[in-house]
Amino acid sequence: MNLEHGWLRKELFQKPVHFYWEFNYEQLFLKLAIDQTNPLTKEELTHLRNEITQICRDASEKRKKQGPTRNTNGAFVSLYKWEFDFVKEDFADIMKETDHIIDVVYGEIGKW
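Residues numbered from 1 in each chain as written. Predicted model: local features only at pLDDT ≥ 70, side-chain atom pairs only at ≥ 80, totals over all residues. Heavy atoms only, no water.

Q: Sorry if this is basic, but what is going on with the pairing of strand β1 (residues 8-12) here?
A: On a regular strand, each side chain points to the face opposite its neighbour's, so the side chains alternate between the two faces of the sheet. Strand direction decides the pairing type here: β1 and strand β2 (residues 15-24), joined by five bridges, are antiparallel. Considered in β2, the bridge of Leu-12 is made with Lys-15. Here β1 hands over to β2 after two residues, with Phe-13 in that stretch at a positive phi of 55°. (Pairing = 2+ DSSP bridges. Helix = DSSP H or I, 4+ residues; strand = E, 2+ residues; numbered from the N terminus.)

See below:
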């Protein structure tokens, strides 16, 4: 897995946020750290989720188990997840797909 990107700092709606990745069991999550001194509103977060969903779907069209996460608020918010099966899938293939997803999604977010 290519971690050279690290956390990606962006300003959305004139508010600082950080995008980052997390593997939780067999799920890869795209997450958002929100500055609590100037947090995103529920409407801004909903708009962001809609934008992210399209980018993430395009990043891995063949992955059947993927989708946006529940619409929650907080300091650390999951935006999108991909499910893998570490028993049935080849680990090297999982890591290649993970690298591809990260490269595509960060590439698109980086254009904002």
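There's plenty left to go through after this.
Q: So what exactly am I meant to see when it comes to the packing of helix α1 (residues 42-59) against helix α2 (residues 91-109) here?
A: Two packed helices can be described by the angle between their axes and the distance between those axes. Here α1 crosses α2 at 145°, and the two axes come no closer than 9 Å. Every pair of crossing elements has a handedness; the one defined by α1 and α2 is right-handed. Along its contact with α1, which presents Ile-52, Ile-55, Cys-56 and Ala-59, the element α2 presents His-100, Ile-101, Val-104, Val-105, Glu-108 and Ile-109. Partitioning the contact of α1 with α2 into residue classes produces eight nonpolar, one polar and one charged. (Axes fitted to C-alpha atoms, helices over the stretch in contact; angles between N-to-C directions. Left-handed = near helix turned anticlockwise from the far one by under 90°. Contact = heavy atoms within 4.5 Å. Nonpolar A, V, L, I, M, F, W, Y, C, P; charged D, E, K, R; others polar.)

Q: I keep staring at α2 and nothing clicks. Help me out?
A: Residues spaced three or four apart along an α-helix face the same direction, because each turn holds 3.6 residues. For α2, spanning 19 residues, the distance from its first C-alpha to its last is 27 Å, which sits close to the expected 27 Å at 1.5 Å a residue. Every buried residue of α2 is accounted for by Ile-94, Met-95, Glu-97, Thr-98, Ile-101, Ile-102, Val-105, Tyr-106 and Ile-109. The arc that holds the buried residues of α2, viewed along the axis, is 165°, so those residues lie on one side. Summarising the contacts, the buried residues of α2 are in contact with β1, β2, β3 (27-34), α1 and β5 (76-83). (Expected span 1.5 Å × (residues − 1). Buried < 20%, exposed > 50% of the residue type's maximum accessible area, 1.4 Å probe, protein only. Arc of directions from axis to C-beta.)

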